Amino acid sequence: MNGFRNSDVVSIRDLSKERIGQVLNLSEKMIPYARGEKSTKVLEGRILANLFFEPSTRTRLSFESAMARLGGMVLEVSHPAATSVVKGETLADTVRMVESYADVIVLRHPHEGAARLAAHFSSKPVINAGDGAGQHPTQTILDLFTIRREKGKIEGMNVVMVGDLKYGRTAHSLAEALALFGAELTFVAPTNLQMPRETVKEVERLGHKPKLASKLEEVISRADVLYVTRIQRERFPDPSEYLKVAGSYRIDNGLLREAKKDLIVMHPLPRVDEIAPEVDNTSHAKYFQQAFNGVPVRMALLLLVLGAEADEGF
Ligand code: NCD
């Protein structure tokens, strides 16, 4: 039974371990389609509306690619300045209108809680593609998929998350999901950018005690996965606070000499200067593979939400 059909994907907390597992398994089957080695028209006649009120490259394009690979169509708003939003239209009104043009809505918005609000006003499924410093559940599923493919499992993995854990929405949803899947967590950040209390509490509720550290050098040697994030400059209320922490950590080959041979380095991208380009050519670097994984994972999610996963017997 597909428990996903017509449901919203707003927060990773909306999904049980079984449901996430269902997406991961279907994503695996989507790989040859995502690569263009097999083709299908299973979503022919279906329309996705991509509403992006904040910049995006990977998330927007991979949803678009996913829908196209399944034979569906995409409507998109990527320049909010060209829409009625500038005339003062509320998100609730925009969503009530867009739901009559499309079968599923993907929303990225600068305000935390925007996707929840949109889901409230839409009778069509709403997928959160990032709400301010809140959550980014589809990124989390592709992150889990990447770890599972690269390491063979998630449970018991020692995952070190580093960077802007305060404002980084990918870090919030991933930390909760990793706890659900039984990974060991270490959070490395300057004190004022540490993981929000609310996320730590959720991790603890799931039976884990994350370690907190401020120096990567202290924890790198035990890591199986290093998840690097960008300092979210756009979320700092005070630019001088950003300047104090900008460039405060950088992953380079010198640091990786201390790491396990099979450590994988991940990053949701875009990177600024957190990972030196020299790392790209090492076997640790998995961030471009991770970006590709966004396509099969979003294909799987769209099939499930639109209730079409059984149509071709995937
Ligand atoms: C992230 C985001 O938008 O939260 N990007 C992404 O979706 N891959 C990370 C970031 O902007 O730093």
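Residues numbered from 1 in each chain as written. Predicted model: local features only at pLDDT ≥ 70, side-chain atom pairs only at ≥ 80, totals over all residues. Heavy atoms only, no water.

Student: Please clarify how the sheet that holds strand S9 (residues 264-266) should be interpreted in this entry.
Tutor: Hydrogen bonding along the main chain pairs the strands of a sheet, whether they run parallel or antiparallel. Taken in spatial order, the 5 strands of this open sheet run S7-S6-S5-S8-S9, and their pairing is parallel. Edge positions in the open sheet fall to strand S7 (211-213) and S9, since each of these has one partner strand only. Strand-to-strand, the axes of this sheet are offset by a mean angle of 20 degrees, without reference to chain direction. Sitting on the sheet, helix H5 (residues 137-151) touches strand S8 (225-228) and S9, and the angle it makes with S9 is about 165 degrees. The sheet contacts of helix H6 (residues 169-180) involve strand S5 (158-162), strand S6 (184-188) and S8, and relative to S5 the element is tilted by about 165 degrees. (Pairing = 2+ DSSP bridges. Helix = DSSP H or I, 4+ residues; strand = E, 2+ residues; numbered from the N terminus. Axes fitted to C-alpha atoms, helices over the stretch in contact; angles between N-to-C directions. Contact = heavy atoms within 4.5 Å.)

Student: What exactly am I supposed to notice about the environment of Met 30 here?
Tutor: Here Met 30 lies in helix H1 (residues 17-34). Residue class for Met 30 comes out buried when judged on its relative accessible area of 0%. Distance from Met 30 to Ala 259, taken between C-alpha atoms, is 32 Å for residues 229 residues apart in sequence. Excluding residues that lie within four positions of it along the chain, Met 30 makes contacts with Leu 70, Pro 296, Met 299, Ala 300, Leu 303 and Phe 314. (Buried < 20%, exposed > 50% of the residue type's maximum accessible area, 1.4 Å probe, protein only.)

Student: I would appreciate a short explanation of empty space enclosed by the protein in the present structure.
Tutor: Empty space left among the atoms is revealed by rolling a probe the size of a water molecule over them. All chains considered together, the criterion is met by 1 cavity of 30 Å³ or more. By volume, the largest cavity amounts to about 60 Å³. Lining the largest cavity are Arg 58, Ser 62, Gln 139, Leu 142, His 267, Pro 268, Leu 269, Tyr 287, Gln 290, Ala 291, Gly 294 and Arg 298. Per element, the largest residue contribution to the lining of the largest cavity is 5 residues, and it comes from helix H10 (residues 287-305). Split into classes, the residues belonging to the lining of the largest cavity amount to 5 nonpolar, 5 polar and 2 charged. (1 Å grid on protein atoms, 1.4 Å probe; cavity = no way out; pocket = protein on both sides within 12 Å on 5 of 7 lines; lining within 4 Å. Points joined across faces, edges and corners; volume = space filled by probe spheres on them. Nonpolar A, V, L, I, M, F, W, Y, C, P; charged D, E, K, R; others polar.)

Student: Which parts of the structure should I look at to understand the sheet that holds strand S1 (residues 47-52)?
Tutor: Taken in spatial order, the 4 strands of this open sheet run S2-S1-S3-S4, and their pairing is parallel. Looking at which strands have only one partner, the edges of the open sheet turn out to be strand S2 (73-77) and strand S4 (126-131). Ignoring strand direction, the axes of neighbouring strands in this sheet form an average angle of 15 degrees.

Student: What is the right way to look at the layout of surface pockets in this model?
Tutor: In this structure, the largest pocket occupies an estimated 400 Å³ of space. Breaking the lining of the largest pocket down by element, the ones donating at least two residues are helix H2 (58-69) and H6. Classifying every residue of the lining of the largest pocket gives 4 nonpolar, 10 polar and 7 charged. Considered as a void within the structure, the second largest pocket measures approximately 300 Å³ in volume. Lining the second largest pocket are 18 residues, with Glu 112, Ala 133, Gly 134, Gln 135 and Glu 198 positioned closest to its centre. At the level of elements, S4, H6 and helix H7 (197-205) are the ones that each hand at least two residues to the lining of the second largest pocket.

Student: Please clarify how the pairing of S8 should be interpreted in this entry.
Tutor: Within a regular strand, side chains alternate between the sheet's two faces. Every second residue of S8 is oriented toward a common face, with Val 225 and Tyr 227 on one face and Leu 226 and Val 228 on the other, all of them buried. Examined bridge by bridge, S5 and S8 share 4 bridges and lie parallel to one another. When the sheet's bridge partners are listed, Val 162 is paired in S8 with Val 228. Pairing between S8 and S9: 3 bridges, direction parallel. Bridge pairing in S9 links Leu 226 to Val 265.

Student: Sorry, what's going on with the site of the ligand here?
Tutor: Residues in contact with the ligand, as listed here, are Thr 59, Arg 108, His 136, Gln 139, Arg 169, Thr 170, Arg 230, Gln 232, Pro 268, Leu 269 and Pro 270. The contact in question runs from an oxygen atom of the ligand to an N or O atom on the side chain of Gln 232, over 2.8 Å. When the ligand sits alone it has 320 Å² of accessible area, and the protein chains cover 93% of it. When atoms are counted within 2 Å of each cavity's grid points, the one that captures over half of the ligand is the largest pocket. Residues of the shell around the ligand, tallied by class, amount to 3 nonpolar, 5 polar and 3 charged. (Near = heavy atom within 4 Å. Polar contact = N/O pair within 3.5 Å; in protein donor to acceptor, adjacent residues only side chain to side chain. Areas by Shrake-Rupley, 256 points an atom, 1.4 Å probe, with all protein chains shown as cover. Sits in = over half its atoms within 2 Å of the grid points.)

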